[in-house]
Number of protein chains: 2
Amino acid sequence: MKDIQVGILQSNPTIGDIQGNYEDIINALDKADKQNADILLTPELSLIGYPPMDILRRDTLYEVQDEKLDKIKKYTEEVDVAVVVGFCRRDSRGIYNSAVVFNNGNTLTSYDKVLLPTYDVFDGHRYFETGNDVCIFELNNQKIALTICEDAWYDVDVMDTKRHKFNPFSRIKEYDTDLILNLSASPYRINKNSERIDLFREHSINTSTPVVFCNQVGGNDELVFDGNSFMVNENEYIKQLSSFQEDMQVLDIGDNNENYQVNTSTQVQEMNSAICLGIEDYFEKTGFDKAIVGMSGGIDSTIATVLSVQALGADNVIGVSLPSDVTSQQSIDDAKIVAENLGIDFEIIDIAGMVNQVVTDFDDESDYSMEGLALENIQARIRGDILMSLSNTIGALVITPDNKSESAIGYCTLYGDTVGAIAPLGDCYKRHVYELAEYHNSIESVIPQKIISKEPTAELKEDQVDSDEMSEYETLDTVLNEYVENRKTPKEITIDSQTEVNNIISRIHGAEFKRNQSPLPIRVTKKDFGRGWRYPIAADYSFLK
Amino acid sequence: MKDIQVGILQSNPTIGDIQGNYEDIINALDKADKQNADILLTPELSLIGYPPMDILRRDTLYEVQDEKLDKIKKYTEEVDVAVVVGFCRRDSRGIYNSAVVFNNGNTLTSYDKVLLPTYDVFDGHRYFETGNDVCIFELNNQKIALTICEDAWYDVDVMDTKRHKFNPFSRIKEYDTDLILNLSASPYRINKNSERIDLFREHSINTSTPVVFCNQVGGNDELVFDGNSFMVNENEYIKQLSSFQEDMQVLDIGDNNENYQVNTSTQVQEMNSAICLGIEDYFEKTGFDKAIVGMSGGIDSTIATVLSVQALGADNVIGVSLPSDVTSQQSIDDAKIVAENLGIDFEIIDIAGMVNQVVTDFDDESDYSMEGLALENIQARIRGDILMSLSNTIGALVITPDNKSESAIGYCTLYGDTVGAIAPLGDCYKRHVYELAEYHNSIESVIPQKIISKEPTAELKEDQVDSDEMSEYETLDTVLNEYVENRKTPKEITIDSQTEVNNIISRIHGAEFKRNQSPLPIRVTKKDFGRGWRYPIAADYSFLK
């Protein structure tokens, strides 16, 4: 094993902020230089931020980017360290998801990503041309291979994907390299960190080469990048950078002293960190500080509040109880206790008079009378109005409390509880919400036990309980997990009642129109109801039986 | 020129309704047989409906589809006509967008689409593997080539696309064929029909072969397929099927008697037909009959009502005037006149008392006071609530009146005027709305001139006019057209003020969060704000200057 010092910049870019992302790279170059790094690695598309989506279709991007690329290249004259920058290369055929290596003011090599993910939330082939071959370059007499994210994921059972047709790591193996670098923007989902470690360790063993994985960190809309960059050398050595925060470290590839140092967190800790970072960055990157949460006293809005406070600080969160005629005093009290425990501003705005006026005027002035579903929904919608009025008044964003189980089957009021900028629990099943509650209570007892133990209710009419209007959450979550994430056919999903499976699936697709107008969830599973869930609204789903 | 009779089934499939789509094909086979057709052509993915989106990722689809395919194959034993069916072929490598030819109970040939559009609203590479080569088969001693939709669009300046790398029609030319067939699902946009005719005529001239283009018709969410199928034989002969409605005709490829028969409509007629079909099919395919439109007395909601009536019939549309304190009597009267002219049910539900109650209670019960933007928005949101209450009460869908110019810059109230199932004018610039008004008045005078001539206003505060709060529509529409559709850089857009260009672009991307939660528009231009507009919300767009 030859000796080489690799700097890893685990940065949190804002998409499109080329100036800011450029400064991050320059600052890291200085740091890497001081720590005697030979080469600094940055994430996939580090100069642009990932995923840039249709920003890639704007010509101005390339002018701004290329100017900064040139500056970085020049800057390597002044430091004694090479740098790998993720950028978008353009030629007469199209654009490429690329990486360039600068050293001493020169371009050492440039590489175009070969495997382009085009499934789920990823639209690789929408934008990019495919690279031709692997890239091997020399630095300080070391043979180094350059890869980008998906290049490492050939033959892995990535959901929703067609199979890739070329295995970059098999090809790299032929070159007998000293080091393999991977620039990534690999989003978090449950268990992703350990899957990545297993995968890259296997690559390292197969190629008999140390591999460095450099990941982006931070929240970008629905996606949260967990960082967790690392260097792995077969079975001998792993060293990992922080999870869910920016980091920059220089690792000695030849140093096998500390033999196993990876981030170990429980699943619920990881989910919690992912969601908090997702909230924090959504606010940071859209320029907002303050959040408003409608607190019903139920478990979902309670946890949404707890997470918002962790992400933004108690001073930046306002809890609002919006009781109607059918809201129990207990619900108001429960919400109040949570707000007090968290130390946040708390408002009680009684909507009974508003609802009453709306219903009365509607009944008096129209040919119709508001009852049943309309009467339930109007309460949720008046609440949405008040939360948005507060949002307009304070200049704050509303947090949507809905969880994935509700969103899946449309057990929510469009323009009511669905209002808001982002849905922190939008990819959490009901059971995840309980797990998060217990996790937070295990640290500090902020959530009254009765909130956790009481029966879930939308509380839009007297004596309403969720389970009267839908499957029990346990059953529902089982079916959702199998159908949504594992793409099982209805017949493959074995719960007691096939009719119940069919009903749930029918409700899932009957709610496409609601999700089409709901805020993005923060993704924590391998299939969320965000940009990677693409089903038609006006379609006949009855064949799914 | 040899003689062959080609049946063209211009069908309107519901996505996922394999049974219904199958029946359409069987019925057309009977008709084609009676008319002595040699072969019946159906649209792209005719058995599934287009675009199926992630339905393609459901295993059940293939069981149901393959069973029907088999039945169609068998059915060709009983008729004296071959049939080309669009279906999704699956093998161990993945799935293909394919067409199969059945004749006399046998499979004559099968073809996999080579060019896969992966840009704008199209996600070809997300789902499909690429076909290997062109397909030529023989029927009645005729050499026939089979192509699918995008296969014909190599080298055409399709927006947002990378270049294709293979030209199926050049390759087909080598075979000296007698006839080229193209199965399409080609959505409408302004001028698309004449572009298609020009393109296919060129293909016909280049290959010295008659070409038959068979298109799907009907609305599927945001996309409207215009039909307009045709046969073209170089410069000698064109015959076209209906536009914007189902059709089935048998054409004699050797018949050069009628030499030019294409659908000629004005641009505004086409737009009008497209939007009406989009509304009609959205309702039909989601199982609703009745529409509710909030009628402000302004031009947008007036035209939205007129189009809804044309699409669904006067008996199925309910107009609702929702005046607040700042609504002029003139606005109410104007809306009423339109409703009377159209012969629809009309309700006036005064929201002043509701708004007053909400504002008073909000001010009394919270630490804040509702004024400014919040006070404007609450009126729009209470209107949204009432429309949705009617929707829940009657079992009707709400029509969203917003136009593309407003939606582009976010000049709309989220959860207010944006509520609804679909936005018929969501891809129409303000000028298109005026064109539609004049078109309708030219047929029958339904829209009072003062609605057309009065200055546009959101009417959410006293003396408000749109042009105080945004660019003049003429300027705005020019910038939008150049930026959104033609992807011009800010500097390439030459209006008087570069600052105004930058402001508009900044407002466009500042409104991503609103559009993310707005109903789908019905597409009429080459770039609408639906599923093909993919920009991040939490991003820095200031580089675009």
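Bear in mind the structure is a predicted one, so any value in this text is a computation, not a measurement. (Residues numbered from 1 in each chain as written. Chains lettered and ligands numbered in written order. Predicted model: local features only at pLDDT ≥ 70, side-chain atom pairs only at ≥ 80, totals over all residues.)

A count of helical and extended segments in chain A gives 17 helices and 18 strands. Against the globule reference of 24 Å for 545 residues, chain A gives a C-alpha radius of gyration of 25 Å, in line with a compact fold. Seen through its principal axes, chain A has C-alpha atoms that stretch 85 × 50 × 50 Å. A total of 545 residues make up chain A; the buried ones form 58% of that total. (Helix = DSSP H or I, 4+ residues; strand = E, 2+ residues; numbered from the N terminus. Rg over C-alpha atoms; globule rule 2.2 N^0.38 Å. Buried ≥ 20, exposed ≤ 12 C-beta atoms within 10 Å, placed from the backbone.)

This part covers the pairing of strand 7 (residues 142-148) of chain A. Residue and element names in this part refer to chain A. Among the seven residues in strand 7, five count as buried, and that is most of the element. Of the strand pairs in this sheet, strand 6 (residues 135-139) and strand 7 are connected by five bridges, and their pairing is antiparallel. The residue of strand 7 that forms the bridge with Leu 139 is Gln 142. Hairpin geometry of strand 6 and strand 7 is characterised by an intervening segment of two residues between the two adjacent antiparallel strands and by a positive phi of about 50° at Asn 140. (Pairing = 2+ DSSP bridges.)

When the parts come together, some accessible area is lost, and that loss is often what is quoted as the size of the interface. If you look at the interface, chain A gives 83 residues, while chain B gives 83 residues. The greatest single-element share of the side of chain A that touches chain B, amounting to 15 residues, is contributed by helix 10 (residues 372-394) of chain A. Taken together, the residues of the side of chain A that touches chain B sort by class into 39 nonpolar, 20 polar and 24 charged. (Contact = placed C-beta atoms within 7 Å. Nonpolar A, V, L, I, M, F, W, Y, C, P; charged D, E, K, R; others polar.)

Further remarks concern helix 16 (residues 498-510) of chain B. All names here are of chain B. With 13 residues, helix 16 extends 18 Å between its outermost C-alpha atoms, agreeing within 8% with the 18 Å of an ideal straight helix rising 1.5 Å per residue. Three or more residues of helix 16 are buried, namely Val 501, Ile 504, Ile 505, Ile 508 and His 509. The arc that holds every buried residue of helix 16, seen down its axis, measures 130°, which confines them to one face. For helix 16, the secondary structure elements touched by its buried residues are helix 11 (404-409), helix 15 (473-485) and helix 17 (512-515). (Expected span 1.5 Å × (residues − 1). Arc of directions from axis to C-beta.)

Moving on, we come to the relation of the copies chain A and chain B. Each copy of the sequence occupies a distinct position, and chain A is placed on chain B by a rotation of 180° and an axial shift of 0.0 Å, giving an RMSD of 0.0 Å. Between the two chains, the operation in question is that of a two-fold axis. Residue A:Gln517, judged by its C-alpha, is the member of chain A lying nearest the rotation axis, at 2.0 Å. A shared binding surface is used by both copies, with 100% of the interface residues of chain A retained as interface residues in chain B. (Least-squares fit on C-alpha atoms with pLDDT ≥ 70 in both.)

Residue and element names in this part refer to chain A. Taken domain by domain, chain A comprises domain 1 (5-264) and domain 2 (271-468). Contacts between the two partners involve nine residues from domain 1 and, on the opposite side, nine residues from domain 2. Looking at the side of domain 1 that touches domain 2, the elements that each hand over two or more residues are strand 10 (217-220) and strand 11 (223-226). (Domains from an automatic or database assignment.)

Let us look at the sheet that holds strand 6 (residues 135-139) of chain B. Residue and element names in this part refer to chain B. Taking strand neighbours across the sheet as the criterion, the six strands line up as 6-7-8-9-12-13 in an open arrangement whose pairing is mixed. Looking at the sheet topology across the chains shown, the edges are occupied by strand 6 and strand 13 (237-240). Within this sheet the neighbouring strands show an average axis-to-axis angle of 20°, counted without direction. Pairing between strand 12 (residues 230-233) and strand 13: four bridges, direction antiparallel. Along strand 13, the bridge assignment pairs Phe 230 with Gln 240. Along the sheet face, helix 5 (residues 192-207) touches strand 8 (179-184), strand 9 (211-215), strand 12 and strand 13 and points at about 40° away from the line of strand 12. (Axes fitted to C-alpha atoms, helices over the stretch in contact; angles between N-to-C directions.)

Moving on, we get to the environment of A:Val83. Residue and element names in this part refer to chain A. Tracing the sequence through the fold places Val 83 in strand 3 (residues 82-91). Of the residues examined, Val 83 has 27 C-beta atoms within 10 Å and is grouped as buried. Residues Val 83 and Ile 275, 192 residues apart in the sequence, show an inter-C-alpha distance of 32 Å. The contacts of Val 83, once residues within four sequence positions are left out, are Ile 25, Leu 29, Leu 40, Ile 72, Thr 76 and Phe 102.

Our focus in this paragraph is the sheet that holds strand 6 of chain A. Residues and elements named next belong to chain A. Taken in spatial order, the six strands of this open sheet run 6-7-8-9-12-13, and their pairing is mixed. The sheet terminates laterally at strand 6 and strand 13 (237-240), the two strands that pair on one side only. Along the sheet, successive strands turn relative to each other by an average axial angle of 20°, direction set aside. Of the pairings in the sheet, the one linking strand 9 (residues 211-215) to strand 12 (residues 230-233) comprises three bridges and is antiparallel in character. The residue of strand 12 that forms the bridge with Val 211 is Val 232.

This paragraph deals with the packing of helix 7 (residues 299-312) of chain B against helix 12 (residues 430-443) of chain B. A pair of packed helices can be characterised by two numbers: the angle between their axes and the separation between those axes. All names here are of chain B. Two numbers describe how helix 7 lies on helix 12: the axes approach to 10 Å, and their chain directions differ by 50°. In terms of axis orientation, helix 7 runs oblique to helix 12. Here helix 7 and helix 12 pass one another in a crossing that is left-handed. Taken together, the residues of helix 12 that come into contact with helix 7 (itself represented by Ile 299, Asp 300, Ile 303 and Val 306) are Val 433, Tyr 434, Leu 436, Ala 437 and His 440. Considering only residue class, the contact of helix 7 with helix 12 consists of seven nonpolar, one polar and one charged. (Parallel < 35°, antiparallel > 145°, perpendicular 65-115°, else oblique. Left-handed = near helix turned anticlockwise from the far one by under 90°.)

Right, let's get into the environment of B:Thr60. Within the secondary structure, B:Thr60 is located in helix 2 (residues 59-75). Between the C-alpha atom of B:Thr60 and that of B:Lys545, which follows or precedes it by 485 residues, the distance is 49 Å. If we skip the residues at most four places from it in the chain, B:Thr60 touches A:Thr489, A:Pro490, A:Phe543 and A:Leu544.

In this section: helix 1 (residues 18-34) of chain B. All names here are of chain B. An ideal rise of 1.5 Å per residue puts 24 Å on 17 residues; helix 1 measures up with 24 Å between its terminal C-alpha atoms. Within the sequence span of helix 1, burial applies to Ile 18, Asn 21, Tyr 22, Ile 25, Ala 28, Leu 29 and Ala 32. Seen end-on, helix 1 carries its buried residues on one side only, within an arc spanning 125°. Facing away from the buried surface of helix 1 by more than 90 degrees, the exposed residues are Glu 23 and Lys 34. On the buried face of helix 1, the contacting elements are strand 1 (5-10), strand 2 (39-41), helix 2, strand 3 (82-91) and strand 14 (247-252).

Let us now look at the pairing of strand 9 of chain A. Residue and element names in this part refer to chain A. Within strand 9, five of the five residues are buried, which leaves the element mostly enclosed by the surrounding structure. Side chains Val 211, Phe 213 and Asn 215 project from strand 9 onto one buried face, and the interleaved Val 212 and Cys 214 project onto a second face that is buried too. With five bridges connecting them, strand 8 (residues 179-184) and strand 9 associate as parallel partners. Residue pairing across strands places Asn 182 opposite Phe 213, the latter belonging to strand 9. What joins strand 8 to strand 9 is helix 5 (residues 192-207), and the crossover it makes is right-handed. (Right-handed = clockwise from strand over helix to strand, strands pointing away.)

Residue A:Pro51 is reached from A:Tyr50 by a cis peptide bond, and omega for that bond is -5°. Relative to the elements of secondary structure, A:Pro51 occurs in the loop between strand 2 (39-41) and helix 2 (59-75). Backbone geometry places A:Cys149, a non-glycine residue, at a positive phi of 35°. Tracing the backbone through its elements, the reader meets A:Cys149 in the loop between strand 7 and helix 4 (168-173). Residue classification places A:Cys149 among the buried residues on the basis of 27 C-beta atoms within 10 Å. Although it is not a glycine, B:Asn140 adopts a positive phi angle of roughly 50°. Relative to the helices and strands, B:Asn140 is located in the loop between strand 6 and strand 7 (142-148). On the basis of neighbour counts, which here come to 14 C-beta atoms within 10 Å, the residue B:Asn140 falls in the partly exposed class.

What follows is about the environment of B:Asp528. Residue and element names in this part refer to chain B. With respect to the secondary-structure elements, Asp 528 resides in the segment after helix 17. Expressed as a C-alpha distance, the spacing of Asp 528 and Val 79, which sit 449 residues apart in the sequence, is 44 Å. Look past the residues within four positions of Asp 528 in its chain and what remains in contact with it is Glu 222, Gly 426, Asp 427, Pro 521, Arg 523 and Trp 533.

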